[in-house]
Amino acid sequence: MQTVNIRVFDTPHDAGIYVAALAEQVIQSRPDPVLGLATGSTPIPFYDALVGLHRCGLDLSSVTTINLDEYIGLPPTHEQSYAYFMHRHLFSRTNIRPENIHIPNGMADDLVAECARYDDVIRQHPIHLQILGIGVNGHIGFNEPDDLLLSKTHVVELRPETVRSNARFFERIEDVPRRAITMGVQAILQADQIVLMAFGPEKADIIARSVLGEVRTDVPASILQLHKRVTVVLDRASAQGLFDESGRLREK
Ligand code: F6R
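Rules of the game
Residues numbered from 1 in each chain as written. Predicted model: local features only at pLDDT ≥ 70, side-chain atom pairs only at ≥ 80, totals over all residues. Heavy atoms only, no water. Pairing = 2+ DSSP bridges. Helix = DSSP H or I, 4+ residues; strand = E, 2+ residues; numbered from the N terminus. Axes fitted to C-alpha atoms, helices over the stretch in contact; angles between N-to-C directions. Core = buried A, V, L, I, M, F, W, Y, C linked by side-chain atoms within 4.5 Å. Buried < 20%, exposed > 50% of the residue type's maximum accessible area, 1.4 Å probe, protein only. Near = heavy atom within 4 Å. Polar contact = N/O pair within 3.5 Å; in protein donor to acceptor, adjacent residues only side chain to side chain. Areas by Shrake-Rupley, 256 points an atom, 1.4 Å probe, with all protein chains shown as cover. 1 Å grid on protein atoms, 1.4 Å probe; cavity = no way out; pocket = protein on both sides within 12 Å on 5 of 7 lines; lining within 4 Å. Sits in = over half its atoms within 2 Å of the grid points. Nonpolar A, V, L, I, M, F, W, Y, C, P; charged D, E, K, R; others polar.

Enquirer: Can you break down the sheet that holds strand β8 (residues 179-182) residue by residue, with the values?
Expert: In space, the three strands of this open sheet follow the order β4-β8-β7, with antiparallel pairing throughout. Looking at strand neighbours, the two that pair on one side only are β4 (69-71) and β7 (154-157), the edges of this open sheet. Between one strand and the next, the sheet's axes are offset by a mean angle of 25°, whatever the strand orientation. In the sheet, β7 pairs with β8 via four bridges, with the strands oriented antiparallel. The residue of β8 that forms the bridge with Val156 is Ala180.

Enquirer: Please set out the nonpolar core residue by residue, giving values where relevant.
Expert: Membership of the largest hydrophobic core comes to 35 residues, with the highest contact counts inside it found for Met183, Ile207 and Leu224. Every element with two or more residues in this core is listed here: α4 (111-124), α6 (185-189), β9 (193-198), α7 (204-212) and β10 (230-235). When residues of this core are assigned to their parent elements, the largest contribution, five residues, is made by α7. Phe46, Phe85, Leu90 and Ile131 belong to the second largest nonpolar core, which has 32 residues in total.

Enquirer: So what's going on with the site of the ligand? Which residues, and what values?
Expert: Of all residues adjacent to the ligand, which total 14 residues, the nearest are Thr42, Asp69, His139, Gly141 and Arg168. Contact distances for the ligand include 2.9 Å between an oxygen atom and a backbone N or O atom of Ser41. One nitrogen or oxygen atom from the side chain of His139 is found 2.7 Å from an oxygen atom belonging to the ligand. Relative to its unbound accessible area of 410 Å², the ligand is 95% covered by the protein chains. According to the grid-proximity analysis, the pocket containing the ligand is the largest pocket. A per-class count over the shell around the ligand returns three nonpolar, eight polar and three charged.

Everything listed is a geometric property; what it means functionally is a separate question.
Given below as structure tokens:
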């Protein structure tokens, strides 16, 4: 975020419309647009708005999608799998072609081979616009805080705070998968353009640390400061740590 580009909206709904308009620009400006996509509650207003644009005439048949991550052990038919989420919120509501959809296979017998396969997919489809949410601990994709951030697609043990946070989508905390496949930070940083979205007061502290703090591997989203074209899309609650009383962006 060498040029910090921050947009603060009154509601996630308004933010979603803005991000969908950014996606439309990318989609209209090239024959083979590639969108890197996230799951979780944050991007839902964006998907709703993109579906809205599609219903108003935006053709998505040339779009390739590459999802960030998937739980290990959940089949695509499981309601909490990320494949299911994407079909429900975006794919089944648009004309994105099934053959253009890429999500890591969390059911693969050979997870190492699956990670290598996914890196090949990313190599063949460099990402034009990467949509990111952020975990309360600063994770992007499922690149969790650690001494080291891995560049390639890999299997990750989810941190206890991530399991706790994601338990809201499951009946019991024991049902939350403990492992996932995630795209690495290299693929994220190689995207032409990145949009980091965050809503709600629980994200305010980590947004301030990611945008204004040091670049550190234990705050994975802070590495986005190294990218030349990032837009941080917030609501007022998630933005509250970024500005002083007079509304000026705080110093780094
Ligand atoms: C999901 C993903 C995660 C989420 C993050 C925030 O594909 O990559 O990094 O973006 O856990 O989740 P929500 O939006 O549910 O707060």
